[in-house]
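Residue-level listing of the chains:
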Amino acid sequence: MLKLYHQPLSPNSRRVWIALLEKELTFELIALKLDGDQFTPEFMAISPFHHIPALVDDDFSIVESQAILDYLEAKYPEHALQPKDPKSLGIVQMVRMVTINELSPAMSPFVGQMMGMGAPDPEKAEQSKQKFAIILQLFDRLLGDNAFFGGEQVSLADITAGVSIPWLPKLGIPIDSYTRVQAWCDRLQSRPAWQATQPTPEMLAQLKAMMQARMAKAQ
Ligand SMILES: N[C@@H](CCC(=O)N[C@@H](CS)C(=O)NCC(=O)O)C(=O)O
């Protein structure tokens, strides 16, 4: 049986969790606290960099969330999460990479602030805001009249971007003027897979307390 080692607040984990649900696969969820439990020899045999998510599929184990998504798509093609035509596939891959390579690093100072690590450096915050505007404009254009990035079916692009973009307003970055992106976010958030994996405010508070305790210990 498939086993997903995860942490419910990790966007990388959540992407894999959503893909498993969208594909209607049977799997076991194993939650790590990341309070040191990621360094056990048993877990490090599965995930050598002590990162979640890690997926075990019988005798095969795999890390790196985007690689896991591709593996799941190739191994379990039912409820396809990748379009076939070249243009749609190109858009899906582009949105995945823009999210990982451009959006996530730009969000990082704001996420840090939400976790109580202090306000971001003003210059970095400004650079991030400029990046968000470029990404949101691009995503709005790529969505066009489609429900999702790859067309009418949810894809790995929606899963990858769709656990990050909805956090922007919570980080003080409004998205409502990008009307297609806003409608796409609403569409995703109403899907059972998004609702079942939505982190609760209590989980966030717990993580924040853990991060602050770690910071205090390091000082
Ligand atoms: N590039 C990796 C990043 C994985 C990653 O950084 N995971 C973090 C949580 S989001 C983690 O496991 N941190 C615990 C640790 O490094 O000990 C992926 O996409 O899976």
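Conventions we followed
- Residues numbered from 1 in each chain as written.
- Predicted model: local features only at pLDDT ≥ 70, side-chain atom pairs only at ≥ 80, totals over all residues.
- Core = buried A, V, L, I, M, F, W, Y, C linked by C-beta atoms within 7 Å.
- Buried ≥ 20, exposed ≤ 12 C-beta atoms within 10 Å, placed from the backbone.
- Helix = DSSP H or I, 4+ residues; strand = E, 2+ residues; numbered from the N terminus.
- Domains from an automatic or database assignment.
- Contact = placed C-beta atoms within 7 Å.
- Nonpolar A, V, L, I, M, F, W, Y, C, P; charged D, E, K, R; others polar.
- Pairing = 2+ DSSP bridges.
- Axes fitted to C-alpha atoms, helices over the stretch in contact; angles between N-to-C directions.

**Notes on the nonpolar core**
- Core analysis: the largest hydrophobic core is formed by 43 residues, its most contacted members being V16, A19, V95, F139, F149, A157 and V181.
- Of all the elements, helix α4 (residues 86–114) adds the most residues to this core, at seven residues.
- Composition of this core by domain shows at least three residues from each of domain 1 (2–80) and domain 2 (86–195).
- In contact with A19, other than residues within four places in its own chain, are L69, L72, L81 and I159.

**Brief notes about the domain arrangement of the protein chain**
- One can read the domain layout of the protein chain as domain 1 (2–80) and domain 2 (86–195).
- Using C-alpha coordinates to define each centre, domain 1 is positioned 22 Å away from domain 2.
- The interface is formed by ten residues belonging to domain 1 together with ten residues belonging to domain 2.
- Those elements giving two or more residues to the side of domain 1 that touches domain 2 turn out to be α1 (11–22) and α3 (65–75).
- Top element by residues in the side of domain 1 that touches domain 2 is α1. It accounts for seven residues.
- A per-class count over the side of domain 1 that touches domain 2 returns five nonpolar, one polar and four charged.

**A closer look at the sheet that holds strand β2 (residues 27–31)**
- With mixed pairing, the four strands of this open sheet are ordered in space as β2-β1-β3-β4. Unpaired on one side and paired on the other, β2 and β4 (60–63) mark the two borders of the sheet. On average, each strand axis in the sheet is inclined to that of its neighbour by 20°, with strand direction left out of account.
- Strand direction decides the pairing type here: strand β3 (residues 54–57) and β4, joined by four bridges, are antiparallel. Bridging from a neighbouring strand, A54 pairs with V63 of β4.
- Across the sheet, α1 lies against β1 (2–6), β2 and β3, angled at about 155° from β1, the strand it touches most.

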